Every structure is written in C-alpha cells, then in structure tokens.
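Coordinate analysis (summary)
Here is how the chains run, residue by residue.
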Amino acid sequence: MSPDAPRPAPAPAARRSWGLAALLATLVMLGPFSIDLYLPAFGAIGGEFGVPPVALQATLSAYLFAYAFMMLWHGALSDALGRRPVVLAGLAVYAVATLGCAIAGNIESLWLVRALQGLSAGVGLIVQGDAVLLRMIVGNLVDNAIKHSPSGGEVAVEAVREAAGVVRVTVMDNGSG
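Parameters at a glance
Residues numbered from 1 in each chain as written. Predicted model: local features only at pLDDT ≥ 70, side-chain atom pairs only at ≥ 80, totals over all residues. Heavy atoms only, no water. Core = buried A, V, L, I, M, F, W, Y, C linked by side-chain atoms within 4.5 Å. Buried < 20%, exposed > 50% of the residue type's maximum accessible area, 1.4 Å probe, protein only. Helix = DSSP H or I, 4+ residues; strand = E, 2+ residues; numbered from the N terminus. Contact = heavy atoms within 4.5 Å. Phe/Tyr/Trp six-rings, centres within 6.5 Å; stacked < 30°, edge-to-face > 60°. Arc of directions from axis to C-beta. Axes fitted to C-alpha atoms, helices over the stretch in contact; angles between N-to-C directions. Parallel < 35°, antiparallel > 145°, perpendicular 65-115°, else oblique. Nonpolar A, V, L, I, M, F, W, Y, C, P; charged D, E, K, R; others polar.

The next thing to look at is the nonpolar core. Core analysis: the biggest nonpolar cluster contains 16 residues, and Y38, L56 and L110 have the highest contact counts within it. For this core, the secondary-structure elements that each account for two or more residues are α1 (13-36), α2 (42-49), α3 (53-71) and α6 (107-121). At 5 residues, α3 tops the list of elements feeding residues into this core. Ignoring any residue separated from it by four or fewer positions in sequence, one finds L110 in contact with Y38, I45, F49, T59, C101 and A104.

Quick look at the structure:
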C-alpha cells in the first residue's frame, strides 16, 4: 500500500459488537430459558389441568427429545439454506409454540406445543456455534498466514471446501515483522 493511498475508515466496532453479543446471548439462552422458567410452575400447571405429576413430566420429556433431535439437523439446514433464514424460521416457530403453550387447553396439546418448542429452541445455539467455529477457523488461517508470510509479500490461504464454500484469506504483510 502506498503512503499517500487513502485508508478505509474503521468500522463502528464497539456498537456493532455489543449488539451482536446481545443477539448471540439471546439465541443461546432460549433453550435453557424454556426449561428453567417452566420447572417452578409444574405444580400450578398440574393443578390447572388436573393431571398427575408424571403426565406433566412428559411435557419436559417431549421438549428435551425434540430439542436433542433437532441438534442433529439445525447445522445441516443452516449449511444448506443459510444461517439467517434458519434462525428466523426457528425463532418464528419458537414464538408460535410459546404462544401455544400459553393457550393450551389440555395436557395433550401442551405435549404437542412443548415438542414444537423443543424443535426450534436449539436453533440459535447450533447455528451461532457454527458461525463461531467458522470465525475460529478463519482466525487460525490468518494467524498462520501472518507467521509464514515473507517480509513484504502477500499470502493467500485457502481452506478446504466445506458445505458453505471455499474460505480464502489474503493477508498483506507490511514488512515490519
């Protein structure tokens, strides 16, 4: 880069990183939040529906089985369709299922909507985890490129082809190290 060439303006990192951190924390907390907020209400829910505790515990089992099953599929869906559509669809399904939990009229419908909630609650955790893993891989590629670049040279590092495509990192070495 020549000394008189204009430098690009730095991105507003502080504002963006706090918003991203809040979004990622919200996505990760959905699964545990759906259990932790629900467990103390077991007695009240059982009394409302007039069911024994074992029937109420089945709502938790339905949620956890669906949650565990979709852990296998959220990553593959995000690879095929993109992270944003999968997260948005998962959040929409989660919102509808949560509303269904609030208006459930009997224990059977509560089992159904809790399973639906479990199918969608893990989407943020898995898809966000895939994004963090990709950032770690790219970060390692950049670190290795900088370590092995000749002074004053340009290094291009190409990762193996994944479902998301080829990652190419180009690092400019300014000759100072």
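From this point, the narrative continues.
Under the counting rule described, the total for this entry stands at 2 aromatic pairs. For the pair Y38 and F42, a centre-to-centre distance of 5.2 Å together with 85° between the ring planes defines the contact as edge-to-face. Both residues of the pair, Y38 and F42, belong to the buried class. Arranged with centres 5.8 Å apart and planes meeting at 20°, the rings of Y63 and Y67 form a pair that is stacked. In this pair, Y63 and Y67 both sit in helix α3, 4 residues apart, roughly one turn of the helix. Y67 matches Y63 in its accessibility class, with the two residues each being buried.

Glancing now at helix α4 (residues 74-81). When we look at burial in α4, the residues that qualify are H74, G75 and S78. Along the long axis of α4, the arc covered by the buried residues comes to 100°, so they all point the same way. Along α4, exposed side chains directed more than 90 degrees from the buried face belong to A80 and L81. At the exit of α4 stands G82, carrying a positive phi of roughly 100°.

To continue, consider the packing of α4 against helix α5 (residues 83-103). Axis separation between α4 and α5 bottoms out at 7 Å; the angle between their running directions is 130°. Comparing the axis directions of α4 and α5 gives the class oblique. Between α4 and α5, the contacting residues are H74, L77, S78 and L81 on the first element and R83, P85 and V86 on the second. Class assignment of the residues belonging to the contact of α4 with α5 gives a composition of 4 nonpolar, 2 polar and 1 charged.

None of this, on its own, says anything about what the molecule does.
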